[in-house]
Amino acid sequence: MNPFFQFVKDLSGRLGSGFSSLNEKDPTSVAYMRSLERLMKEKDVLSLPFNELPITVFDLETTGFHPYNGDRILSIGAVKVKRGEVVKEDTFYSLVSSEVPPSDEITQLTGITEEMIHGAPSLQEVLREFYTYIKDDVLVAHHASHEKQFMQHATWLALKKKFQHRLVDTSFLTRLTLSEEHQLSLDACCDVYGITNEQRHHALHDAVAAAEIWVESARLVQGQGYSNLNDVYERLANMED
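Attention in this report is confined to the structure presented alongside it. (Residues numbered from 1 in each chain as written. Predicted model: local features only at pLDDT ≥ 70, side-chain atom pairs only at ≥ 80, totals over all residues. Heavy atoms only, no water.)

### Describing the environment of Leu139
Residue position: Leu139 is located in strand E4 (residues 138–141). In this structure, the C-alpha to C-alpha distance between Leu139 and Pro54, residues 85 residues apart in sequence, is 8.7 Å. (Helix = DSSP H or I, 4+ residues; strand = E, 2+ residues; numbered from the N terminus.)

Written out as structure tokens, the structure reads:
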């Protein structure tokens, strides 16, 4: 299936805004997750104006690229976007304990050492906190397929629950705002937009950079006359025809 149509299908499952009203204390309980699933079908996020979208932008650092072959999450970073602004005071960050130590290459890239993850919270603890933080927000990530695979695997591995949230890739906006040569890497997008990433390959800093890319891209597509995600998806679908 064309990825744009797949995203429309995924997102048309609809996300709600009543997550915080759930009475269950445990965000990983069966009742809580079922309530979340119902709430995710109550509001059509495709039609919401960009500035009204409840968004969490997140990033993962991992031991590799293949969760189903043993790679694991090393850290999760996230930041909220509200009313078209990155809220740098509202962030989430945690290292994740892992039995799979980072390779020397990964340690050099991310700065995460085996000693650091030995003292970190468990995957179950971190995911519980993360789900409490994101609530029913629309999730955004740069190269979202990587995050989606790991969240699907990790949520089932640690919580025995399905990953309920949908992901929007930053590229669904940057395809309309950047030339093809600048759409691939986080660094390239940041260069074009003049965004400074204070610490590359750190989950929180990369999440903030991706959030700034999203905000700037949303501003630009609105200037082109697109009011919401549905407008963008229709345009992208026409581009694929």
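### So, the environment of Glu198
By secondary structure assignment, the location of Glu198 is in the loop between helix H8 (186–193) and helix H9 (203–223). Placed eleven residues apart in sequence, Glu198 and Ala209 show a C-alpha to C-alpha distance of 8.7 Å.

### Overview of the pairing of E4
In E4, alternate side chains face the same way, and those of Val138 and Val140 on one face and Leu139 and Ala141 on the other are all buried. Across three bridges, strand E1 (residues 55–62) lies against E4 in parallel orientation. Opposite Val57, over in E4, you have Val140 as the bridge partner. Alignment of E4 against strand E5 (residues 167–169), held across three bridges, turns out to be parallel. Opposite Ala141, over in E5, you have Asp169 as the bridge partner. Handedness of the E4-helix H6 (residues 144–159)-E5 crossover: right-handed. (Buried < 20%, exposed > 50% of the residue type's maximum accessible area, 1.4 Å probe, protein only. Pairing = 2+ DSSP bridges. Right-handed = clockwise from strand over helix to strand, strands pointing away.)

### With respect to H6
When the terminal C-alpha atoms of H6 are compared, their 21 Å separation across 16 residues agrees well with the 22 Å that a helix rising 1.5 Å per residue should span. Restricting attention to buried positions, one finds in H6 the residues Ala144, His146, Glu147, Phe150, Met151, His153, Ala154, Thr155, Ala158 and Leu159. Immediately downstream of H6, the backbone of Lys160 shows phi near 55°, a positive value. (Expected span 1.5 Å × (residues − 1).)

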